[in-house]
Amino acid sequence: MKNIERLANVALLGLSLAPLVVNVDPNVNVIVTACLTVFVGCCRSVKPTPPSETMSNEHAMRFPLVGSAMLLSLFFLFKFLSKDLVNAVLTCYFFVLGIAALSATLLPAIKRFLPKKWNDDLIIWHFPYFRSLEIEFTRSQIVAAIPGTIFCVWYAKQKHWLANNVLGLAFCIQGIEMLSLGSFKTGAILLAGLFVYDIFWVFFTPVMVSVAKSFDAPIKLLFPTADAKRPFSMLGLGDIVIPGIFVALALRFDVSRKPALLYIVPAVIGFLALLEFDEGKDKGAEKLMPKARR
């Protein structure tokens, strides 16, 4: 699986850089990038120990409510405060978050070329004046933070779409790798809740669209187009991470039990069984058969 994961990483890197030199169909780019990101995140989530953060049924039920509260808060912030001020604060927040996410994403590749001592020996740093607060890190993490910091500085200064996408992909991969639904029941509750959440805020209120247009942060992937009026197609990170953590749970279940058909068959049959279709009795098919014989 590691070799396939490395190939997926290379493919994802190449696809991210491709629009700089050639025209890439944005629809194809969106689909392939999302699939590769989910694949990489799912592969990285397979570990001897479960992911560090596990969601309970109660958390899944509350998630749409918490998301709604955050969305409304951002809507009112942008409405009553200067957009530049709000986005400046958000840029600082995502600058720090981006360094952490990108460093963690690059760390497995960087660790292979560093001494074992750099990977294993912990450095404990205490905050000045708050000695009870401490941070643990390794030299390898410091090395990984260097390219992470460079990309974050580039993003903060230029807001270039490639820097935005690099940070966005790092957030997606880390989200899929580190978060766990715990059970398929929890996943079903979460997806059902977010299904209603998305429909309500997108189609029945102007809140989601307004926040998305005002929010200048790497919370979406940008795909260059040939249309001057609409230079980018966009894909929200949540549209990758939320399905991704569900797929990651299915992969870990498969790795632990190795019963792929156990969940593939119900997934395929479950929905199609509801459709009343008999190919032998289909009149449309009968009309096409003589033509096919000719």
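Just above sits the structure.
A few points on the structure. (Residues numbered from 1 in each chain as written. Predicted model: local features only at pLDDT ≥ 70, side-chain atom pairs only at ≥ 80, totals over all residues. Heavy atoms only, no water.)

## Side note on the packing of aromatic side chains
With the rule as written, the count across this model stands at 10 aromatic pairs. A centroid spacing of 5.8 Å and a plane angle of 85° characterise the contact between Phe-184 and Phe-253, whose relative ring orientation is edge-to-face. Of this pair, Phe-184 sits in helix α8 (residues 184-203) while Phe-253 sits in helix α10 (residues 238-257), and the two are 69 residues apart along the sequence. Under the relative-accessibility criterion, Phe-184 is labelled partly exposed at 33%. The interplanar angle of 80° and the centroid separation of 4.9 Å between the aromatic rings of Phe-200 and Trp-201 together place this pair among those described as edge-to-face. The partly exposed category is assigned to Phe-200, whose relative accessible area is 39%. Of the residues examined, Trp-201 reaches a relative accessible area of 9% and is grouped as buried. Taken together, the aromatic side chains of Phe-78, Tyr-93, Phe-94, Phe-171 and Phe-215 make up a single cluster linked through ring pairs. (Phe/Tyr/Trp six-rings, centres within 6.5 Å; stacked < 30°, edge-to-face > 60°. Helix = DSSP H or I, 4+ residues; strand = E, 2+ residues; numbered from the N terminus. Buried < 20%, exposed > 50% of the residue type's maximum accessible area, 1.4 Å probe, protein only.)

## Some remarks on the nonpolar core
Ranked by size, the top nonpolar core spans 58 residues in total, and within it Leu-71, Leu-190, Val-211, Phe-215 and Ile-240 carry the most contacts. When residues in this core are grouped by element, the largest group, 11 residues, is from helix α7 (residues 161-178). Setting aside chain neighbours within four positions, we find Leu-71 in contact with Tyr-197, Trp-201, Val-207, Met-208 and Val-211. (Core = buried A, V, L, I, M, F, W, Y, C linked by side-chain atoms within 4.5 Å. Contact = heavy atoms within 4.5 Å.)

## Regarding unusual backbone geometry
For Lys-159, which is not glycine, the phi torsion reads 50° and is therefore positive. In this fold, Lys-159 is placed in the loop between α6 (139-158) and α7.

## Concerning the pattern of salt bridges
Counting across every chain of the model gives four salt bridges. Here the salt bridges share partners, and the residues they tie into one network are Arg-44, Lys-47 and Glu-177. (Salt bridge = Lys/Arg side-chain N within 4 Å of Asp/Glu carboxyl O.)

## Observations regarding the environment of Phe-246
Summarising the element assignment, Phe-246 is placed in helix α10. Spatially, the C-alpha atoms of Phe-246 and Cys-42 are 9.2 Å apart, while their sequence positions differ by 204 residues. Beyond its immediate stretch of four places on either side in the chain, Phe-246 contacts Leu-181, Phe-184, Gly-187, Ala-188 and Leu-191.

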